[in-house]
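Coordinate inspection notes
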Amino acid sequence: GRPSINRILLPSYHIQAAMLSRQSLLRAARTAVPRQSAVLSQTRSFASPASGIDQVKPPVAVYGLDGTYATALYTAAVKTSSLEPTAKALASLNALVSKDAKLTTILHAPTLTPADKSQIIAELEKAAGVPQSDKTVKNLLATLAENNRLSLLSGVCAKFGEIMSASRGEVEMVVTSATQLDNKTLNRLETAVAKSSYVGQGKKLKVTNRIDPEIVGGLVVEIGDRTIDLSVSSKVARMNKLLQDTL
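Below is a short write-up of the structure. Treat the numbers as computed from the prediction; the structure is a model and nothing was measured.

1. A short note on the overall build of the chain
What the chain contains, in helices and strands, is eleven helices and four strands. For the chain, with 247 residues in total, the buried portion stands at 38%. Of all intrachain contacts in the chain linking residues separated by at least 6 positions in sequence, the fraction that spans at least 24 positions is 72%.

Encoded structure:
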């Protein structure tokens, strides 16, 4: 079969990293934070056609350099009527990067050659199932690679997901528990919260169960920018504070 990205690129990455001089490291650091005008120029290149680019307004503003790329990607996807396929491809890419620590290391490598970048892009497209006809995602990956910003891919995926959730009228609810919750419990929570004032009229609730053993027990429920902390660890912390204040 075809060799993986990790087997091909990791050895060369370690050799190249060892050869990096202090001067080249400083040069890389100086170029890591570009001027806003340069970023807009780069993102405009894949949000073509450039004329009328500002006519597409995302439903929510996302910030940071990854947010700038995500916004331009949304613009491009709207203009090419490919929002859903693009969202599907970005979700696959995000899952791929999230579960592969070695791939994350490769994407952050400052010394990738043009050949390395081409191979990475090809492997990412294949793993995410990006169709040959989908120029929007291909252009995003090419733009990130060309500007040495493949390290932003995970952030771009996350920010694009935020924009898509807003466009679908979704309100995200993250339920953090010490162990995985069963579907019955999650459905009961979803039903209760969906009827509350936490979710606006006409909005859809998107529920995610996050596992964090450190909360010991109970739940932490986050809905938008609101947090309901019903965890055991929180109760213990409050009790400890009360005891300290009393003594």
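So that's the structure; there's more coming.
2. Observations concerning unusual backbone geometry
The phi dihedral of Ser81 falls on the positive side, at around 50°, and the residue is not glycine. Tracing the chain through its elements places Ser81 in the loop between helix H4 (64-79) and helix H5 (83-99). Note on Ser81: relative accessible area 68%, which makes it exposed. Residue Val216 is not a glycine yet carries a positive backbone phi of 70°. Tracing the backbone shows Val216 in the loop between strand E2 (204-211) and strand E3 (218-223).

3. Examining the pattern of salt bridges
Within the structure shown, the criterion is met by four salt bridges. The salt bridge partner of Glu125 is Lys138, with a shortest N-O separation of 3.0 Å. Residue Glu125 is located in helix H7 (residues 114-128), and its partner Lys138 is located in helix H8 (residues 135-146); the two are separated by 13 residues in the primary sequence. Judged by relative accessible area, which is 12%, Glu125 ranks as buried. Of the charged contacts in the structure, one is a salt bridge between Glu222 and Arg210, with a shortest N-O distance of 3.9 Å. Here Glu222, found in strand E3, pairs with Arg210, found in strand E2; they are twelve residues apart in sequence, far enough to count as distant. Residue classification places Glu222 among the partly exposed positions, given a relative accessible area of 27%.

4. Observations concerning the nonpolar core
Considering soluble globular proteins, one finds that nonpolar side chains tend to be buried as a cluster. Counting residues in hydrophobic clusters, the biggest one holds 35 residues, and the most contacted among them are Leu93, Leu107, Leu124, Leu153 and Phe160. The contact partners of Leu93, leaving out residues within four places of it in the chain, are Leu124, Ala128, Val137, Leu141, Leu153 and Cys157. The next biggest cluster of nonpolar side chains, apart from the first, holds twelve residues, and it includes Met173, Leu181, Leu186 and Leu205.

5. Focus: the side chain of Ser231
Within the fold, Ser231 resides in strand E4 (residues 226-231). At a separation of 2.7 Å, a polar atom in the side chain of Ser231 contacts the side chain of Asp229. A distance of 3.1 Å separates the side chain of Ser231 from the backbone nitrogen of Ser234, its partner in a polar contact. The contact partners of Ser231, leaving out residues within four places of it in the chain, are Ile215, Gly217, Gly218, Leu219 and Val220.

6. A look at the packing of H4 against H5
Helix-helix packing is characterised by the crossing angle of the two axes and by the distance between the axes. At a minimum axis distance of 8 Å, the contact between H4 and H5 shows a crossing angle of 140°. By the angle between their directions, the pair H4 and H5 is classed as oblique. From H4, Leu73, Tyr74, Ala77 and Val78 reach across to H5, where they touch Leu83, Thr86 and Leu90. Here the contact of H4 with H5 is built from residues that sort into six nonpolar, one polar and no charged.

Calculation notes
Residues numbered from 1 in each chain as written. Predicted model: local features only at pLDDT ≥ 70, side-chain atom pairs only at ≥ 80, totals over all residues. Heavy atoms only, no water. Helix = DSSP H or I, 4+ residues; strand = E, 2+ residues; numbered from the N terminus. Buried < 20%, exposed > 50% of the residue type's maximum accessible area, 1.4 Å probe, protein only. Contact = heavy atoms within 4.5 Å. Salt bridge = Lys/Arg side-chain N within 4 Å of Asp/Glu carboxyl O. Core = buried A, V, L, I, M, F, W, Y, C linked by side-chain atoms within 4.5 Å. Polar contact = N/O pair within 3.5 Å; in protein donor to acceptor, adjacent residues only side chain to side chain. Axes fitted to C-alpha atoms, helices over the stretch in contact; angles between N-to-C directions. Parallel < 35°, antiparallel > 145°, perpendicular 65-115°, else oblique. Nonpolar A, V, L, I, M, F, W, Y, C, P; charged D, E, K, R; others polar.

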